[in-house]
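Here are the chains, one letter per residue:
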Amino acid sequence: MNYPDAVVIDLLKTDTASFLRANPSRLAGIITGNPKASVFVIDEVQLIPELLFEVHSLMEKNPGLQFILTGSSARKLKRTGTDLLGGRALKLNMHPFTAHELGDSFSLEDALQYGMLPVVNAAKDRAARLSAYLGLYLREEIQMEGLVRNLGPFTRFLEAASFSHGGLLTSSDIARDCGVGRTTVDGYLKILYDLMIASCVPVFSKRAKRELVSHGKFYFFDTGVYRALRPKGPLDRPSEIDGAALEGLVFQNLRAELDYQGEEGGLFFWRTVSGTEVDFVVYTGDRFDAIEVKNAAKVSRSDISALKSFRTDYPESRQILLYRGELQYEEEGVQIIPVAKWLGTGA
């Protein structure tokens, strides 16, 4: 949606933030001072949580007004007990670009290397912008809000967590790698989830016929962020990093697609205690897909074995394998689809 005539109140501007922080009721004056406007955008609203009380009051008095409140974190709003406009506002999550949104300008190789953040996608030097984004985000959203006392252990935690991107994450393993307590790691993870920097995908356990793992799969919200955080050394295999990046790219596209369709809770994975795993399970009102992602140009019979196991338990499902090749075909009832094509069509 476009709102060309909207009045934008940007709280990242020092003078605007100071004006409203000193007296949040001044928001009413901005409204009355723009009598022809019906849409008001307040950007980074979490910086002045008290404004939500004013918005609530203005909505009650002026039903014809529309407020669009954007922010990079709901954590501060929840922590301060602010009026969250329950029942009076729609919550919409803004995700990185999807391949479908970029259309012909989408490049799989660029997406795997730099991710899909709009601010990075528009930059001439994407690597530098991505690095600056991470540094700025860590400083402004985490250190300035006092979410952690010391950025050193938290930075080590981020690096350790990057090794679990696309895998099962256990707090005890991360704590051991970082040299901090498990409760500290649990707190760090909560920060990532609250700030929407990372997500945990739950295991699909409906009508389970086998014993399944209990831990969820961990993903950073953007492949470029994962790449920037993941340490690289002589012992790190590029194929391992590339494989996690590709799986993460599929994750963020699936997550955005389902969220925009109102099916935010429809994404899972499937893994038995014996290790048989399907990367993603999409389960919504009219869709039941089991999706495996392979960072390879050719598909072997062993690559589809987990999908066939899933089909044994769930014959109602559709089985899809995404790979780096160019041909689309069917193998033993499994649809083999080039990942670039699948991403671009928003399948």
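Since this is a predicted model, take the numbers as computed values, not measurements. (Residues numbered from 1 in each chain as written. Predicted model: local features only at pLDDT ≥ 70, side-chain atom pairs only at ≥ 80, totals over all residues. Heavy atoms only, no water.)

(A) Region of interest: the packing of aromatic side chains. This model, assessed by the stated rule, comprises 18 aromatic pairs. Taken together, a centroid distance of 5.0 Å and an interplanar angle of 85° make the contact between Phe154 and Tyr188 edge-to-face. A residue pair is termed long-range when its members are at least 10 positions apart, and Phe154 in helix 9 (residues 151–162) and Tyr188 in helix 11 (residues 182–194) qualify at 34 residues. Note on Phe154: relative accessible area 0%, which makes it buried. Taken together, Phe204, Phe268, Trp270, Tyr283, Phe288, Phe310 and Tyr314 form an aromatic cluster joined through their ring pairs. Between the NZ or CZ atom of Lys217 and the centre of the ring of Phe280, over which it lies, the distance is 5.7 Å. (Phe/Tyr/Trp six-rings, centres within 6.5 Å; stacked < 30°, edge-to-face > 60°. Helix = DSSP H or I, 4+ residues; strand = E, 2+ residues; numbered from the N terminus. Buried < 20%, exposed > 50% of the residue type's maximum accessible area, 1.4 Å probe, protein only. Lys NZ or Arg CZ within 6 Å of the ring centre and 35° of its normal.)

(B) A look at the sheet that holds strand 6 (residues 217–220). Within the open sheet, the three strands sit side by side as 4-6-5. Their pairing is antiparallel. The open sheet is flanked by strand 4 (167–168) and strand 5 (198–201), the only strands paired with a single partner. Those strands touched by helix 13 (residues 238–260) are strand 5 and strand 6, and its axis lies near 85° from that of strand 6. (Pairing = 2+ DSSP bridges. Contact = heavy atoms within 4.5 Å. Axes fitted to C-alpha atoms, helices over the stretch in contact; angles between N-to-C directions.)

(C) How the structure looks around the packing of helix 9 against helix 10 (residues 171–178). In the contact formed by helix 9 and helix 10, the axes pass within 9 Å of each other and the chain directions differ by 125°. Classified by the angle their axes make, helix 9 and helix 10 are oblique. The interaxial crossing formed by helix 9 with helix 10 has right-handed handedness. Mapping the contact onto sequence places Arg156, Phe157, Ala160 and Ala161 in helix 9 and Ile174, Asp177 and Cys178 in helix 10. (Parallel < 35°, antiparallel > 145°, perpendicular 65-115°, else oblique. Left-handed = near helix turned anticlockwise from the far one by under 90°.)

(D) The arrangement of the nonpolar core in detail. The biggest cluster of nonpolar side chains holds 82 residues, and the ones touching the most others in it are Phe154, Phe157 and Phe220. Looking at this core, the element that brings in the most residues is helix 13, giving nine residues. Excluding residues within four positions of it along the chain, Phe157 makes contact with Ile174, Cys178, Val185, Tyr188, Leu189 and Leu192. Formed by 18 residues, the second largest nonpolar core is a distinct cluster that contains Leu11, Ala17, Ile31 and Ile42. (Core = buried A, V, L, I, M, F, W, Y, C linked by side-chain atoms within 4.5 Å.)

(E) Representation of the sheet that holds strand 8 (residues 277–283) in the model. Spatial ordering of the open sheet is given by 7-8-9-10-12-11, a layout of six strands whose pairing is mixed. Two strands close off the open sheet at either side, each with one partner strand: strand 7 (267–271) and strand 11 (329–331). Neighbour to neighbour, the strand axes of the sheet diverge by 30° on average, direction disregarded. With four bridges joining them, strand 10 (residues 318–323) and strand 12 (residues 334–338) adopt parallel strand pairing. The partner of Leu322 across the bridge, within strand 12, is Ile337. With respect to the sheet, helix 13 is in contact with strand 7, strand 8, strand 9 (288–293) and strand 10, its orientation differing from that of strand 8 by roughly 10°.

(F) Main features of the environment of Ser25. Tracing the sequence through the fold places Ser25 in the loop between helix 1 (14–22) and helix 2 (26–32). It is 9.1 Å that separates the C-alpha atoms of Ser25 and Phe53, two residues lying 28 residues apart in sequence. In this structure the side chain of Ser25 is engaged in a polar contact, spanning 2.5 Å, whose partner is the side chain of Asn23. (Polar contact = N/O pair within 3.5 Å; in protein donor to acceptor, adjacent residues only side chain to side chain.)

(G) Highlighting the side chain of Ser317. The residue Ser317 is located in the loop between helix 14 (305–313) and strand 10 in this model. A polar atom in the side chain of Ser317 sits 2.8 Å from the side chain of Gln319. Every residue in contact with Ser317, bar those within four places of it in the chain, is listed here: Phe288, Phe310 and Arg311.

(H) Geometry of the packing of helix 9 against helix 11. Remark: helix 9 packs on helix 11, axes separated minimally by 11 Å, with the N-to-C direction vectors making an angle of 75°. Looking at the two axes, helix 9 sits roughly perpendicular to helix 11. Of the residues in helix 11, those touching helix 9 at Pro153, Phe154, Phe157 and Leu158 are Val185, Tyr188, Leu189, Ile191 and Leu192.

(I) Inspection of helix 3 (residues 51–61) at higher detail. By the burial criterion, the buried members of helix 3 are Leu51, Leu52, Val55, His56 and Leu58. Projected down its long axis, helix 3 shows its buried positions confined to an angular sector of 170°, all on one face. (Arc of directions from axis to C-beta.)

(J) Up close: the pattern of salt bridges. Enumeration according to the criterion identifies 19 salt bridges in this entry. Asp289 is the salt-bridge partner of Arg287, the closest N and O atoms lying 2.8 Å from each other. As far as the burial class goes, Arg287 and Asp289 line up, both buried. Look at the salt bridges and you will find they share partners, linking Lys217, Glu247, Arg271, Glu277 and Asp279 into a network. (Salt bridge = Lys/Arg side-chain N within 4 Å of Asp/Glu carboxyl O.)

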